[in-house]
Amino acid sequence: LLLSLLKLRLKASTDYRNYRNELNLRRLYLSKYMNTDYCNIESVQGANLSQRAVASLGGAARMMEQLIVLFVSAAGIFAYGSILTNLNGWILLIIIVCAWAHYYLTKWINTYAYRDREIYIPVERKLNYLHTQSKNFFAYKDIMMYNMKGWFSNLNQQLLSERIAINNQKRKYILWMM
């Protein structure tokens, strides 16, 4: 009960700080975006950099959340570990080894996903463009006028199959390593 209350208190205070920091970072990002030339915004490299900047805005918040989880987990291991050592020391050792293995496997999976983002970001951007443009009234009018519905459907299917193939490859690789 005491650990849960401590965790809730830490989460509430860091959520407030994270929200304030994220708003400040978004303000800086938007000021930089508004002062950038239009040709840099519309270029592929500019879109990549902009997408990465938006994705990294919550990095500090995620880092603080992970530190809280680490602190609460360490307190829990200390509290419950002292109880388990009275019962049997091997149980505590097994739990610590499993937690250590879980941490490093999760870290490895996250590193793998971050490293291979260059493969799926262009596909995601194209899919996002197709989905947003198909909802646009003016683009929809052109699609109907020039009978481009079949072409858009085929392109959407092709991009979705690419994304599914990337996900399947990643899942097979991750499962093979476990």
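See above for the structure.
Criteria and thresholds
Residues numbered from 1 in each chain as written. Predicted model: local features only at pLDDT ≥ 70, side-chain atom pairs only at ≥ 80, totals over all residues. Heavy atoms only, no water. Helix = DSSP H or I, 4+ residues; strand = E, 2+ residues; numbered from the N terminus. Rg over C-alpha atoms; globule rule 2.2 N^0.38 Å. Contact = heavy atoms within 4.5 Å. Lys, Arg positive; Asp, Glu negative; His and termini not counted. Charge placed at Lys NZ, Arg CZ, Asp CG, Glu CD. Salt bridge = Lys/Arg side-chain N within 4 Å of Asp/Glu carboxyl O. Buried < 20%, exposed > 50% of the residue type's maximum accessible area, 1.4 Å probe, protein only. Phe/Tyr/Trp six-rings, centres within 6.5 Å; stacked < 30°, edge-to-face > 60°. Axes fitted to C-alpha atoms, helices over the stretch in contact; angles between N-to-C directions. Parallel < 35°, antiparallel > 145°, perpendicular 65-115°, else oblique. Nonpolar A, V, L, I, M, F, W, Y, C, P; charged D, E, K, R; others polar.

Visitor: Got a minute to help me understand the overall build of the protein chain in this structure?
Guide: Within the protein chain, the regular secondary structure consists of eight helices and zero strands. Along its sequence from the N terminus, the protein chain presents helices and strands in the succession α-α-α-α-α-α-α-α. Compactness check: the protein chain gives a C-alpha radius of gyration of 23 Å against a globular reference of 16 Å for 178 residues, more than 25% above the reference. Its C-alpha atoms put the protein chain at 75 × 40 × 25 Å along the principal axes. Restricting the contact set of the protein chain to residue pairs at least 6 apart, pairs at least 24 apart contribute 74%. Separation of charge centres in the protein chain, based on 22 positive and 10 negative side chains, amounts to 7 Å.

Visitor: Please clarify how the environment of Asn167 should be interpreted in this entry.
Guide: Structurally, the position occupied by Asn167 is in helix α8 (residues 149–177). Through-space distance from the C-alpha of Asn167 to that of Asn35 is 36 Å; in sequence the pair is 132 residues apart.

Visitor: Would you take a moment to explain the pattern of salt bridges for this structure?
Guide: Note that side chains of opposite charge can pair when their charged atoms are close. The tally for this structure, following the rule as stated, stands at two salt bridges. Of the charged contacts in the structure, one is a salt bridge between Glu118 and Arg52, with a shortest N-O distance of 2.0 Å. Taken as a pair, Glu118 in helix α6 (residues 117–135) and Arg52 in helix α3 (residues 44–55) lie far apart in primary sequence, 66 residues in all. Here Glu124 and Arg163 are joined by a salt bridge, their closest N and O atoms 2.4 Å apart. Residue Glu124 is located in helix α6, and its partner Arg163 is located in helix α8; the two are separated by 39 residues in the primary sequence. Glu124 sits in the partly exposed class, given a relative accessible area of 29%.

Visitor: Looking at this structure, how should I read the packing of aromatic side chains?
Guide: Note on aromatic pairs: each is described by the distance of the centres and the angle between the planes. Under the criterion given, the structure shown has three aromatic pairs. Relative to Tyr104, the ring of Trp100 lies with its centre 5.1 Å away and its plane at 65°, an arrangement referred to as edge-to-face. Of the two residues, Trp100 and Tyr104 are both situated in helix α5 (residues 89–115); the distance of four residues between them amounts to about one turn of the helix. Residue class for Tyr104 comes out partly exposed when judged on its relative accessible area of 41%. Judged by centre distance (4.9 Å) and plane angle (80°), the ring pair of Tyr103 and Tyr104 falls under edge-to-face.

Visitor: When you look at the packing of α3 against α6 in this model, what are you seeing that I'm missing?
Guide: When two helices pack together, their arrangement is given by the angle between the helix axes and the distance between those axes. Closest axis-to-axis distance for the α3/α6 pair is 12 Å, and the angle between their directions is 105°. Judged by the angle between their axes, α3 and α6 are roughly perpendicular. On the side of α3, the interface is formed by Val44, Ala47, Asn48, Gln51 and Arg52, while α6 contributes Arg117, Glu118, Ile121 and Arg125. Grouping the constituent residues of the contact of α3 with α6 by class yields three nonpolar, two polar and four charged.

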